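Descriptive analysis of the structure
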Amino acid sequence: MVASTTETEVSQTTKPEENGGDKDIYAQLEEIAASTSECVRVVIRIRPLNEREQNTLPCLEVGDGGRNIVVNDQGNAKKFTFDSIFPIDGKQEDVFRNVAKPIIDSCLAGYNGTIFAYGQTGSGKTFTMQGPEESIQAQSGDIRQLRGIMPRVFEYIFDSIQKEREEKGSAVDYVVKCAYLQVYNETITDLLTPSQHNLNIREDTLKGVYVEDLTEEVVKHPEDCYRVLRKGVANRTVSATSMNQESSRSHGVFTVIIERKEEKPDNLVSKRVSRLNLVDLAGSERQKLAKTSGQTLKEASNINRSLSVLGYVIMALVDASNGKERHINYRDSKLTFLLKDSLGGNAKTCMVATVSPSDLNLGETISTLKFAQRAKYIRNKAYVNEETTGSLVQLQAEVRRLQDFVRQLLAERENSVTCKPANEQERNSNELVQLMKESESDTNLDEDKSYVDERSSRDSSFIHSNVEDTEELSKLLACAEQREREIADEKRYIEALLMESQNENKKRKANFELLETAWKNLAEKISAMEDNELVDSLNFSNTCEQDTQSSSDSILEQEEAVTRRLCETVYKLTDLLQTTQNDNKHMKAQLEEKETLLNNLQTETKMKDIHKEQNNNKEGNNSFLAIHGDSPVLNRLRKKIADSQESSGFQKKELVDESQLDYRELAQVEFLKERLAELLQIEAKQGENMQKLNAEKATLEKSVEKLKAEVNFLTEELQAEKENAQLLREQFSERERNTEHFKDDAAQMEEKIQHLQSKVRSLQTYRVQLQRLVDQQSEEIKSLRLRAQNAWDELIHARQDFESQERLRSDRLEKLFAELAKHQRQDAGRNDQKAAAYAIKEQMKQNLQTMNNVKDVKNMPPLEPLMNKALEFLLKQASGAKIASS
Ligand SMILES: Nc1ncnc2c1ncn2[C@@H]1O[C@H](COP(=O)(O)OP(=O)(O)OP(=O)(O)O)[C@@H](O)[C@H]1O
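Computed from a predicted model, the values in this text were never measured in an experiment.

This part is about the overall build of the protein. Per the secondary structure count, the protein includes 20 helices and 19 strands. Within the span of the protein, comprising 886 residues, buried residues form 26% of the whole. The contacts of the protein with a sequence gap of at least 6 include a subset with a gap of at least 24, amounting to 74%.

Below, the structure written as structure tokens:
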């Protein structure tokens, strides 16, 4: 297994072009990334029965191995499997060791981690995560055993840091910070600064998901953490429900931020920042069961809503991990957005689902177990959040050091090869073959492997005789392989980073494109609106305005002109009327005067007539003079009459003159009468004209009224249009502002993309440099292999010589064996003789027996010794012949 892995790594590293170029590398990296992703760990914790459940039946049973749990649902057994199950008597310490410790270890190694407790209200989430409040700082006694995960985490973190500081001294520096927040009714509150309310969640490529303006307190001892925890707990929203006297009504997220800085040789600095989220979710419960109402009901529905979103997100993640294309709506609730990295992202996550053992809560328990079972299939892709400055320099230095080391060893090796005798060279060749076999990277040797194995076992003495060289070379090759692997790892890491940044880039590009499309659409819309709507409307409104303005102007002008004309006419008419009236008055006055004068004259004339008659009757003058009147003519007449009384001659002449004057005046009166009639006619006409003019004026006034109404209407319309135009202008400027925002966003995006692109470029340069290093290494390894191949060829030649000698030896051996066989055959002949001798002996024995029997009879000496001697002689003869032949 290991060998095949190494082979793959080597081939990937040394010959990237053979793997189909970058595309395949990315495909492989995808596979690697997929294979490195790991599922969320899910454990179940069963709490003991509480007072309310004392007389109820248990509905849970922990199965074999502590990983199965069986729920007795009214006679139907439902089995669930999880990573671990903590039974009723499960200890806090065990929970910490199983759940928290591996995650903190990862956090200390630079990964993000999340532990969250999910379960029905009152099922033991807070007990598991935090423990009873009085236990948090307990230094001894039973209560200390009740400390939950959080206080133990603090102690473990600071213990580990202390150990590392003792080991590495001042080269390692840690900064630990704590933050604590709650999500209550979809609002995030900073529990360390509760005035910080309604905080926003932000997402960043480098920082991941974080809460803006959240207080992060630097902590230097576990005690600082206890203080922070207690402070947060005091500010957390808790209230009593029928299920739990101190029910957490909010989701609490305690975050430990571990920043580690290590100064390495060559002034290299590695920085790691990892975040550990310890989440105590609010209880999942049915309102009916929890008997909540009012504010608690609102809380409960918010809790349920966010937990439902959590459920949907988990379902979508499970679908996604099954290869389905799903959009994960993290932003549907604050909780899921906050836990984005922990669910399917860059974090190692463990979920503790807490349940009650009582059948009273059967429904909730089953629903919790189902939820937990789904969560098991979420795959996270955690990576070390590390940043090393100058790592390329370090790598190059290390590569150089290794190259020097390889060169030195090769030189040493060559020296020893040239100094050693031929048979030693052969041995070394064998060692090299062995080493090459061990390196398991050269497929060209596969054909000869069985042979080498056979030979190696036969010639193991050669190999063991030069162990030191072998070790050196093996070290060298192992080092080279190790370096190759490291470079491959580094390359893969960089490729992964590259791919990630490219993906990020792609995403950003896609976002940017989306934004651009949106922007374009908006711009198009705006321009269309500008073209069609806005321009039209603006034009329209402008035209309207202008029209209205011009029409109103023209109307006003017309109106003014008409009014002016009218006024002028009226003035003229009034003047005329006035003049006419004045004239008339004047004429009237004149007429009246003339009439009076005429009357006077008539009276005077009458008087004169009477006077004449009186004169005729000799009563003339006094009565004439008695006529009263104020006319100057009369006065003059009176005076004249009075004077005539003094002179009668003058009286006559004057009277003639006076009568002449009367005639003139009469004519004048007649003329005046005519003039008056004329004037009266003119006045009547003017009256008619006046009436006409008045009628005209009334009509004009009406049309003026109409025009005024029209003007008012147009003014109102103009006002409305002006308002519309204003509105459109505001909309336009709003859109312009939006556009500016979009532009800003786009510019920011552009900047980010450029930043990423520059990063990608630097990574690409880094990759190229690495590739060069890898190529150099490959060249080195190739030359090493070439040397090994040459040595191998030499070995083959040596072996061939050895084999020819072997063949000669075996020919000789064969000959000897043939001779041996011949002798064996001779031996067999002798054996036959021997057998015959034995048979003769037997015969002789029998004969002897017979003879002995006879001897007993005839008293003859025993023949057996003689027979034995004869036999011995025969046997000696046979073996003597065998020795001679061999
Ligand atoms: N494993 C356990 N061993 C002993 N007591 C427990 C255990 N789990 C829970 N309890 C007790 O049960 C009660 C309720 O537990 P806890 O407050 O932790 O529930 P919760 O799930 O956090 O509830 P809520 O969601 O309402 O906040 C507490 O008094 C707690 O001490």
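Here three strands make up an open sheet; going across it, the order is E3-E4-E5 and the pairing antiparallel. This sheet does not close on itself; its edge strands, each paired only once, are strand E3 (60–62) and strand E5 (76–81). Taken over all neighbouring pairs, the strand axes of this sheet differ in orientation by 25° on average, direction set aside. For E3 and strand E4 (residues 68–73), the ladder comprises three bridges, and the chain directions are antiparallel. Bridged to valine 62 within E4 is isoleucine 69. Relative to E4, helix H11 (residues 362–375) is tilted by about 145°, and along the sheet it contacts E3, E4 and E5.

What follows deals with the site of the ligand. With respect to spatial proximity, 19 residues lie near the ligand, and among them Arg47, Gly124, Thr126, Ser247 and Gly283 are the closest. Of all the secondary structure elements, the ones that give two or more residues to the shell around the ligand are helix H4 (125–129) and strand E14 (247–248). Per-element tally for the shell around the ligand: the top contributor is H4, with three residues. Looking at the shell around the ligand residue by residue, the classes come out as four nonpolar, twelve polar and three charged.

We now examine the packing of helix H6 (residues 149–168) against helix H7 (residues 222–235). Interaxial distance between H6 and H7 falls to 9 Å at its minimum, and their mutual angle equals 155°. Judged by the inter-axis angle, H6 sits roughly antiparallel to H7. The chirality of how H6 crosses H7 is right-handed. Every residue of H7 that contacts H6 at Met150, Pro151, Phe154, Glu155 and Phe158 is listed here: Pro222, Cys225, Tyr226 and Leu229.

Membership of the largest hydrophobic core comes to 81 residues, with the highest contact counts inside it found for Ile44, Ile149, Met351, Ala353 and Ala372. When residues in this core are grouped by element, the largest group, eight residues, is from helix H3 (residues 92–108).

Quick look at H11 now. Residue pairs spaced three or four apart in an α-helix point in one direction, given the helix's 3.6 residues per turn. Spanning 14 residues, H11 covers 20 Å between terminal C-alpha atoms, matching the ideal 20 Å at 1.5 Å per step. Where H11 is concerned, the buried positions are Glu364, Thr365, Thr368, Leu369, Phe371, Ala372 and Ala375. Buried residues along H11 cover an arc of 160° about the axis, so they all sit on one side.

Take the environment of alanine 282 next. You can see alanine 282 is positioned in the loop between strand E16 (268–280) and helix H8 (287–290). Taking C-alpha positions, alanine 282 is 9.9 Å from glutamine 182, a pair spaced 100 residues apart along the chain. Excluding its chain neighbours within four sequence positions, the residues that come into contact with alanine 282 are Ser248, Arg249, Ser250, His251 and Ile303.

For H3, the principal kink sits at alanine 100 and spans about 45°; a proline, proline 102, occurs within the next four residues. Those residues of H3 not exposed but buried are Gln92, Val95, Phe96, Val99, Ala100, Ile103, Ile104, Cys107 and Leu108. Among the residues trailing H3, glycine 110 stands out with phi positive, at a value near 105°.

Before going further, it helps to spend a moment on the pairing of strand E2 (residues 41–46). Among the six residues in E2, six count as buried, and that is most of the element. Burial along E2 is two-sided: Arg41, Val43 and Arg45 facing one way and Val42, Ile44 and Ile46 facing the other are all buried. Pairing of E2 with strand E17 (residues 348–355) involves six bridges; the strand directions are parallel. The partner of arginine 45 across the bridge, within E17, is threonine 354. As paired strands, E2 and strand E6 (residues 84–86) are joined by three bridges and run parallel to one another. Residue isoleucine 44 lies in a different strand from E6, and its bridge partner there is isoleucine 85.

What follows is about the environment of isoleucine 103. Looking at where isoleucine 103 falls in the secondary structure, it is placed in helix H3. For isoleucine 103, a count of 24 C-beta atoms within 10 Å corresponds to the buried category. Once residues lying within four places of it in the same chain are set aside, the contact partners of isoleucine 103 are Gly113, Ile115, Lys348 and Cys350.

We note that asparagine 185 has phi near 50°; this positive angle belongs to a residue other than glycine. Along the chain, the position of asparagine 185 falls in the loop between strand E8 (172–184) and strand E9 (187–190). Taking the C-beta count within 10 Å as the criterion, asparagine 185 has 17 such neighbours and is therefore assigned partly exposed. Phi is positive for asparagine 198, close to 55°, though the residue is something other than glycine. Inspection of the secondary structure assignment puts asparagine 198 in the loop between E9 and strand E10 (201–204).

In the predicted model, the protein carries a mean pLDDT of 73, and 62% of its residues have values of at least 70. When the elements of the protein are averaged for pLDDT, helix H1 (residues 2–14) gives the smallest value, 30, and strand E12 (residues 217–219) the largest, 96. Below pLDDT 50 for its whole length, residues 287–291 participates in ten contacts with residues either more than four positions away or in separate chains. When the criterion is pLDDT under 50, residues 647–656 qualifies, and its contacts beyond four places in sequence or with other chains add up to five contacts. Across the interfaces of the predicted complex, the ipTM metric reaches 0.98, alongside a pTM of 0.47.

Structurally, asparagine 322 is set in the loop between helix H9 (294–321) and helix H10 (334–338). For asparagine 322 and isoleucine 378, which are 56 residues apart along the polypeptide, the C-alpha to C-alpha distance reads 9.5 Å.

Packed helix pairs are characterised by how far apart their axes lie and by the angle those axes make with each other. Relative to each other, H3 and H6 sit at 45°, their axes nearing to 10 Å. Judged by the angle between their axes, H3 and H6 are oblique. Of the two possible hands of crossing, H3 and H6 adopt the one that is right-handed. Along its contact with H3, which presents Val95, Phe96, Val99, Ala100, Lys101, Ile104 and Leu108, the element H6 presents Ile149, Arg152, Val153, Tyr156, Ile157 and Ser160. Broken down by class, the residue content of the contact of H3 with H6 amounts to ten nonpolar, one polar and two charged.

Bringing the pairing of strand E7 (residues 113–119) into the picture now. Within a regular strand, side chains alternate between the sheet's two faces. Judged by how many residues are buried, E7 sits mostly within the fold: seven of seven residues are covered. Where E7 and E16 come together, five bridges link them in parallel fashion. Bridging from a neighbouring strand, alanine 117 pairs with aspartate 280 of E16. Here E7 pairs with E17 via seven bridges, running parallel. Paired with alanine 117 across the strands is valine 352, a residue of E17.

Each value, and the rule that gives it
- Residues numbered from 1 in each chain as written.
- Predicted model: local features only at pLDDT ≥ 70, side-chain atom pairs only at ≥ 80, totals over all residues.
- Helix = DSSP H or I, 4+ residues; strand = E, 2+ residues; numbered from the N terminus.
- Buried ≥ 20, exposed ≤ 12 C-beta atoms within 10 Å, placed from the backbone.
- Contact = placed C-beta atoms within 7 Å.
- Pairing = 2+ DSSP bridges.
- Axes fitted to C-alpha atoms, helices over the stretch in contact; angles between N-to-C directions.
- Near = placed C-beta within 6 Å.
- Nonpolar A, V, L, I, M, F, W, Y, C, P; charged D, E, K, R; others polar.
- Parallel < 35°, antiparallel > 145°, perpendicular 65-115°, else oblique.
- Left-handed = near helix turned anticlockwise from the far one by under 90°.
- Core = buried A, V, L, I, M, F, W, Y, C linked by C-beta atoms within 7 Å.
- Expected span 1.5 Å × (residues − 1).
- Arc of directions from axis to C-beta.
- Bend = angle between axes of the 7 residues up to and from the residue.
- pLDDT = per-residue confidence, 0-100.

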